[in-house]
Amino acid sequence: YLPIPFVGVPVLDRYPQCKFVLGDALDPAEMTNIRALCERSLVGQAPSVIAIDVNGNREIDGVLKCLKSVINQDWKQQPRLIIVKSRYLYWQLKKEDDSFKKI
């Protein structure tokens, strides 16, 4: 596991009960390795939460490609929650869904 900085405090120190993995969701081999590591560490279960940071302003097609890469993994159990940090995804949802505009 990689120590990932979180507001100046290493995440592993702040959340010692959690396991964190950093990887490239667009690299199929790396995503497969991440899934396998999660399942080994969690006794065959998927992680409960996956966070995707698209690393800047990636166009909507790139955001969806990252999301599909995670969703389409051969998980033994799908993650409970997938968080995607993306302005383009937010703007697209806001543009297409009238109920979303109230947020």
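Since this is a predicted model, take the numbers as computed values, not measurements.

(A) The arrangement of the overall build of the protein in detail. Helix and strand counts for the protein come out as 4 helices and 4 strands. Secondary structure elements of the protein occur, N-terminal to C-terminal, as β-β-α-α-β-α-β-α. When each of the 103 residues of the protein is scored for burial, the buried share is 23%. Residue pairs in contact within the protein that sit at least 24 positions apart in sequence constitute 54% of those at least 6 positions apart. For the protein, the exposed area adds up to about 7500 Å²; of that, 55% sits on carbon and sulfur atoms.

(B) The arrangement of the packing of aromatic side chains in detail. Under the definition given, this model contains 1 aromatic pair. Aromatic side chains Y88 and W91 sit 5.5 Å apart centroid to centroid with 80 degrees between the ring planes, which places their arrangement in the edge-to-face category. Here W91 and Y88 lie together in helix 4 (residues 87-96), a separation of 3 residues that amounts to about one turn.

(C) Main features of the nonpolar core. In this structure, M31, I50, I52, V70 and W75 are the most contacted members of the largest nonpolar core, which totals 13 residues. Looking at this core, the elements that each hand over two or more residues are helix 2 (28-41), strand 3 (49-53) and helix 3 (60-71). The biggest single contributor to this core is helix 3, with 4 residues. Residue contacts for I52: discarding those within four places in its chain leaves C66, L67, V70, I82, I83, V84 and K85.

(D) Layout of the side chain of E39. Here E39 lies in helix 2. We classify E39 as buried; its relative accessible area is 6%. In this structure the side chain of E39 is engaged in a polar contact, spanning 2.9 Å, whose partner is the backbone nitrogen of K76.

(E) Layout of helix 3. Taking 1.5 Å per residue, 12 residues should reach 16 Å; helix 3 reaches 16 Å between its end C-alpha atoms and fits that length. Here helix 3 has its buried residues at G62, V63, C66, L67, S69 and V70. Down the axis of helix 3, the buried side of the element spans an arc of 155 degrees, and every buried residue falls inside it. Turned more than 90 degrees off the buried face of helix 3, the exposed positions are D61, K65 and K68. Packed against the buried residues of helix 3 are helix 2, strand 3, strand 4 (81-85) and helix 4.

(F) Highlighting the pattern of salt bridges. Under the criterion given, the structure shown has 2 salt bridges. Put simply, R35 and E39 hold a salt bridge, and the shortest N to O gap is 3.2 Å. Linking R35 with E39, this pair stays in helix 2, spanning 4 residues, or about one helical turn. The same class applies to R35 as to E39, namely buried. A salt bridge links K85 to D53; the nearest nitrogen and oxygen atoms lie 3.5 Å apart. Separated by 32 residues along the polypeptide, K85 in strand 4 and D53 in strand 3 bring together distant segments of the chain. A residue is classified by how much of its surface remains accessible, and D53, at 48% relative accessible area, is partly exposed.

About the thresholds
- Residues numbered from 1 in each chain as written.
- Predicted model: local features only at pLDDT ≥ 70, side-chain atom pairs only at ≥ 80, totals over all residues.
- Heavy atoms only, no water.
- Helix = DSSP H or I, 4+ residues; strand = E, 2+ residues; numbered from the N terminus.
- Buried < 20%, exposed > 50% of the residue type's maximum accessible area, 1.4 Å probe, protein only.
- Contact = heavy atoms within 4.5 Å.
- Areas by Shrake-Rupley, 256 points an atom, 1.4 Å probe, with all protein chains shown as cover.
- Phe/Tyr/Trp six-rings, centres within 6.5 Å; stacked < 30°, edge-to-face > 60°.
- Core = buried A, V, L, I, M, F, W, Y, C linked by side-chain atoms within 4.5 Å.
- Polar contact = N/O pair within 3.5 Å; in protein donor to acceptor, adjacent residues only side chain to side chain.
- Expected span 1.5 Å × (residues − 1).
- Arc of directions from axis to C-beta.
- Salt bridge = Lys/Arg side-chain N within 4 Å of Asp/Glu carboxyl O.

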